Amino acid sequence: LPAPHPGDLMKFCSSCGGAVSYRVPKDDNRERAICDDCGMVHYRNPLIVVGCVAERDGMVLMCRRAIEPRYGYWTLPAGFMELGETVAGGAARETLEEAKATVELGHLFACVDVVDAGQVHLFYTARLVSDFGAGEETLEAELMSEQDIPWDEIAFQSVEFALRKYFEDRGRNNGVHVHELRRPRY
Ligand code: ZN
């Protein structure tokens, strides 16, 4: 998983470099950054984070973070979706990058609104079909059974939610579990 959305406000126009001020545009209903020079309205919208629970032999693939925030804590392979890819494609790519693992994705099973971070986290089930290892942002990757999950050392609440629902489902497709996090502790 990436760093939380910075949340800091735009100060300068990304088009012309002019200063922006915050006003409600005509026919809009909330404040936007509007360039004082060229008039461009800069919209900001939530970012999508995609990941998966990759299983083999009843164990799931976990990654220990080699980056801040939450350095050293355990997470699922996940990261910001890129332009030009699908949700599923992004989940598979992140798993390859963070855990050097190839997966066959199953179904989308968790959707977490991380409202105050301006993010939506989406998780797929998956089958691990290759070897694995530590990618650039990972200290170590490990297959863990449910009993081995270090619940006190999970990097993010969204990941904890996804893992708990994953084990509750026990391989069944129970649709998408939706959860809202207002002010995540981590
Ligand atoms: Zn401008």
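Definitions and limits used
- Residues numbered from 1 in each chain as written.
- Predicted model: local features only at pLDDT ≥ 70, side-chain atom pairs only at ≥ 80, totals over all residues.
- Heavy atoms only, no water.
- Core = buried A, V, L, I, M, F, W, Y, C linked by side-chain atoms within 4.5 Å.
- Buried < 20%, exposed > 50% of the residue type's maximum accessible area, 1.4 Å probe, protein only.
- Helix = DSSP H or I, 4+ residues; strand = E, 2+ residues; numbered from the N terminus.
- Contact = heavy atoms within 4.5 Å.
- Donors = N, O, S within 2.8 Å, 3.2 Å for Na, K, Ca; no water.
- Polar contact = N/O pair within 3.5 Å; in protein donor to acceptor, adjacent residues only side chain to side chain.
- Expected span 1.5 Å × (residues − 1).

Colleague: Even after reading the chapter, I still don't get the nonpolar core, so can you show me in this structure?
Modeller: Here is a general trend for soluble globular proteins: nonpolar side chains tend to be buried in one another's company. Ranked by internal contacts, the top residues of the largest apolar core, which has 25 residues, are Val60, Met62, Leu76, Phe123, Ile149 and Leu163. Among the elements of the structure, β4 (47–56), β5 (59–65), β8 (103–114) and α2 (157–169) are those that each provide at least two residues to this core. Element by element, the count of residues in this core is highest for α2, at 6 residues. Apart from residues lying up to four places away in sequence, phenylalanine 123 is in contact with Gly51, Cys52, Leu76, Ala78, His107, Leu108, Phe109, Ala110, Ser158, Val159 and Ala162. Residues Leu61, Cys63, Val120 and Leu128 belong to the second largest nonpolar core, which totals 17 residues.

Colleague: I keep staring at the coordination of the zinc ion and nothing clicks. Help me out?
Modeller: Reference values for angles at a metal are 109.5 degrees in the four-donor tetrahedral case and 90 or 180 degrees in the six-donor octahedral case. Surrounding the zinc ion are the protein donor atoms Cys13 (SG), Cys16 (SG), Cys35 (SG) and Cys38 (SG), at 2.3 to 2.4 Å. Read in sequence order, the donor residues coordinating the zinc ion give the pattern C-x2-C-x18-C-x2-C. Taken together, the residues cysteine 13 in the segment before β1 (20–23) and cysteine 38 in the loop between β2 (32–35) and β3 (41–42) connect sequence positions 25 residues apart. The class for cysteine 13 is buried, based on a relative accessible area of 5%.

Colleague: Could you clarify how one ought to interpret the side chain of serine 130 in this entry?
Modeller: Note that serine 130 resides in the loop between β9 (119–128) and β10 (138–144). Taking the relative accessible area as the measure of exposure, serine 130 reaches 18% and is therefore buried. Looking at serine 130, its side chain comes within polar contact range of the main-chain nitrogen of threonine 102, at 2.7 Å. Excluding anything up to four places from it in sequence, serine 130 contacts Arg56, Lys100, Ala101 and Thr102.

Colleague: Would you mind going over helix α1 (residues 87–99) with me for this structure?
Modeller: For the α-helix, the turn length of 3.6 residues means that residues three or four positions removed from each other point alike. For α1, which comprises 13 residues, the first-to-last C-alpha distance of 18 Å matches the rise-based estimate of 18 Å (1.5 Å per residue) to within 8%. Buried residues of α1: Gly90, Ala91, Arg93, Glu94, Thr95, Glu98 and Ala99, and no others. Two residues or fewer after α1 comes lysine 100, characterised by a positive phi angle close to 50°.

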